[in-house]
Amino acid sequence: MKKFPDFVPPTKVSYLDRGPTLHLRRCMLQGVDDPTQEWTFDKEEIRIGSMEDNDIVLHDDTVSRYHCKIVQDDTGYVLVDNRSTNGTFINKVRVREAFLKPGAVLSAGQSQLRFNAKEEEVQIVPSRSDRCAGLIGGNARMREIYSIIEKIAPTATTVVIDGETGTGKEVVAQAIHSLSPRSRNDLVVFDCGAVPPNLIESELFGHEKGSFTGAVMTRQGLFEQADGGTLFLDELGELPIDLQPKLLRALEQREVRRVGSAKAAKVDVRIIAATNRNLEEEVKAGRFRQDLFYRLSVVRLHLPSLRERADDIPLLVQHFLDTGSYNKLPSGQPKVRSVARDAVTALQTYPWPGNVRELVNVVERAVSFCDGGTLELSDLPDYVRSARPPTAGASGRLPAQRRATSTGVNPQVPVMDPGAPAPGPTEELLNQTFKDAKERWVASFERDYIAELLRRNTGNISHAAREADIDRKYFRKLMKKYDIEAAGADDDELD
């Protein structure tokens, strides 16, 4: 008799020298009385019953219409009885819900099926398409990601997406959700860096009335809101260390307990997380729990920066022109239809520290300056037109630009590309003392720099401070100094 392992290896992606390889977990079922009946699945849920719309249809009078289902999670397969008339059994033991081990025999009515599972290694071949759900780009790296998404979307596998800010991590999460069986339910988004630490537990798990000051009514948490769907945890690296064990428990037990409650509630949620931090380094530094890191990192996707796929810029720009509401005339027709060649060259030369998010903002600004049907080089911001190609370092890779650049908010003091020559002082500044001119110059720079970073990060203070590589408290202090407000920021957060 063939011996099967007691565990079912999870679906995962390995990045080897020969390219990305997907280790795909598959579920196999075979009729005990009729071994010629075989089914193989790599989907998240397998429905078994007598009705024709089940995945496995059993023509047996003792089988209910929707008798039971097999659900895939990160650790294996779970057999769930759907309140059938005659019950569901594993190895002759009646169960309501239980894990399946390879080689087990499950019984539905008088029908018996043998369960097995295997791990199949699939070499990732780049997709032939330049689009996947809401993702745009024909670069080979992006097309590899499309292939992985198409393979893992039907499963229940937990996914961690990493990459620089603005690369489109939330769009990837939306693509995975839309291609999964959970698309009929909600994709719930939670930004771990946008909520005060003392409120994160209540946001994720909910709270009971009176459980803390201000809890005037019972409230569902995001885990419960996402039940049957997907929960996207953005900026996972911002999650406080003391809350990480509670998240780990929710992932392992598939249940949550509201703040102030003694009862736990079962939830069926797929987790997709995103971060622009290096989680391995965070683990080494003691800021992220190792057990949570391994629990989440079943499938990890790394999104390339925009400068690493500059060949996608013409396609992206055309997509923004075709779909952006800012490029619509009253008749509904697009205002700008094409982009001049020298403008495309400038866009591909600029290093894009804000990645695709910054590109969207630049295109919107350029459209507002454009007078004709073609976007010209003169319509682009000065810092994009004057950008010089960055030189490759010793590693052969182009360095990332870390500082923000000016949007022309204050033309007197532009924030320059670090590699560009510094502008000379204006005549107005030269007529002041050195001390006064310097103070005015620095103040103007700080004000424009902070405002621009907030704009590029859609008002998210945590993201803007991280891009500036300064402490978040100091960033808030500068905001208060120059009376700058961020959309979505709490007043208490700025104090």
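Peer 1: Describe unusual backbone geometry, with residues and values.
Peer 2: Excluding glycine, most residues fall at negative phi; most peptide bonds, likewise, are trans. Phi is positive for alanine 133, which is not a glycine, with a value near 55°. Relative to the assigned elements, alanine 133 resides in the loop between strand E13 (131-132) and strand E14 (135-136). For alanine 133, a relative accessible area of 48% gives the class partly exposed.

Peer 1: Give me the sheet that holds strand E15 (residues 159-162): which residues, what numbers.
Peer 2: What links the strands of a sheet is backbone hydrogen bonding, and the strands pair in either a parallel or an antiparallel sense. Ordered in space as E16-E19-E22-E15-E23, the five strands form an open sheet in which the pairing is parallel. The open sheet has two edge strands with one neighbour each: strand E16 (187-191) and strand E23 (299-302). Going from strand to strand, the sheet's axes swing by 20° on average, the running direction of each strand aside. Summarising the sheet, E15 and E23 pair through four bridges and their orientation is parallel. Pairing of isoleucine 161 across the sheet is with leucine 301, part of E23.

Peer 1: Explain the packing of aromatic side chains residue by residue, including any values.
Peer 2: In the structure shown here, the tally under the stated rule is six aromatic pairs. Here phenylalanine 205 and phenylalanine 223 contribute two aromatic rings whose centre-to-centre distance is 5.6 Å and whose plane-to-plane angle is 20°, an arrangement assigned as stacked. Of this pair, phenylalanine 205 sits in helix H3 (residues 197-205) while phenylalanine 223 is found in helix H4 (residues 222-225), placing the two residues 18 residues apart along the sequence. Under the relative-accessibility criterion, phenylalanine 223 is labelled buried at 2%.

Peer 1: Describe the sheet that holds strand E4 (residues 45-49), with residues and values.
Peer 2: The strand order across the open sheet formed by five strands is E5-E4-E6-E7-E10, and the pairing between neighbours is mixed. Sheet topology places strand E5 (56-57) and strand E10 (97-100) at the edges, where each strand pairs with a single neighbour. Two strands pair when backbone bridges link them, and E4 and strand E6 (residues 68-73) are joined in this way by four bridges, in the antiparallel orientation. Within E6, the position partnered with glutamate 45 by the bridge is valine 71.

Peer 1: Describe in detail the packing of helix H8 (residues 313-323) against helix H10 (residues 355-369), supporting the description with residues and values.
Peer 2: Axis separation between H8 and H10 bottoms out at 10 Å; the angle between their running directions is 55°. In terms of axis orientation, H8 runs oblique to H10. Taken as a pair, H8 and H10 cross one another with a handedness that is right-handed. The residues of H10 that touch H8, namely those facing Leu316, Val317, Phe320 and Leu321, are Val356, Leu359, Val360, Val363 and Val367. Residue classes in the contact of H8 with H10 are distributed as nine nonpolar, no polar and no charged.

Peer 1: How would you summarise the side chain of glutamate 235 if you had to cite specific residues and measurements?
Peer 2: With respect to the secondary-structure elements, glutamate 235 resides in the loop between strand E19 (230-234) and helix H5 (244-253). In terms of polar contacts, glutamate 235 uses its side chain to reach the side chain of arginine 466, at 3.5 Å. Here glutamate 235 is in contact with Asp191, Cys192, Gly193, Ala274, Asn276, His463 and Arg466, once residues within four sequence places are set aside.

Peer 1: A description of the nonpolar core should follow, citing residues and the corresponding values.
Peer 2: Grouped together as the largest cluster of nonpolar side chains are 31 residues, with contacts concentrated most on Phe223, Leu231, Leu233 and Leu236. Residue assignment for this core shows that the elements contributing at least two residues are E16, H3, H4, E19, H5, strand E22 (270-275), helix H6 (279-284) and helix H7 (290-296). With four residues, the top contributor of residues to this core is H5. Every residue in contact with phenylalanine 223, bar those within four places of it in the chain, is listed here: Leu204, Phe205, Leu231, Leu247, Ala250, Val256, Val267, Val269 and Ile271.

Peer 1: Describe the environment of methionine 217, listing the residues and the values that go with them.
Peer 2: Position of methionine 217 relative to the elements: it lies in the loop between strand E17 (206-207) and strand E18 (219-220). By relative accessible area, methionine 217 is classed as exposed at 55%. Along the primary structure methionine 217 and histidine 207 are separated by ten residues, whereas in three dimensions their C-alpha atoms are 8.3 Å apart. Not counting residues within four places of it along the chain, the set of residues in contact with methionine 217 comprises His207, Glu208 and Lys209.

Peer 1: I'd like a description of the confidence of the model for the protein chain, backed by residues and values.
Peer 2: A residue-level look at the protein chain finds 84% of positions with pLDDT of 70 or above and a mean pLDDT of 82. Confidence, expressed as mean pLDDT per element, reaches its minimum in the protein chain at helix H16 (residues 491-494) with 43 and its maximum at strand E8 (residues 88-90) with 96. Taken together, the stretch residues 1-5 has pLDDT below 50 and engages in four contacts with residues farther than four places along the chain or on a different chain. In the model, residues 392-422 has pLDDT below 50 throughout and makes 64 contacts with residues more than four positions away in sequence or in other chains.

Rules and cut-offs
Residues numbered from 1 in each chain as written. Predicted model: local features only at pLDDT ≥ 70, side-chain atom pairs only at ≥ 80, totals over all residues. Heavy atoms only, no water. Helix = DSSP H or I, 4+ residues; strand = E, 2+ residues; numbered from the N terminus. Buried < 20%, exposed > 50% of the residue type's maximum accessible area, 1.4 Å probe, protein only. Pairing = 2+ DSSP bridges. Axes fitted to C-alpha atoms, helices over the stretch in contact; angles between N-to-C directions. Phe/Tyr/Trp six-rings, centres within 6.5 Å; stacked < 30°, edge-to-face > 60°. Parallel < 35°, antiparallel > 145°, perpendicular 65-115°, else oblique. Left-handed = near helix turned anticlockwise from the far one by under 90°. Contact = heavy atoms within 4.5 Å. Nonpolar A, V, L, I, M, F, W, Y, C, P; charged D, E, K, R; others polar. Polar contact = N/O pair within 3.5 Å; in protein donor to acceptor, adjacent residues only side chain to side chain. Core = buried A, V, L, I, M, F, W, Y, C linked by side-chain atoms within 4.5 Å. pLDDT = per-residue confidence, 0-100.

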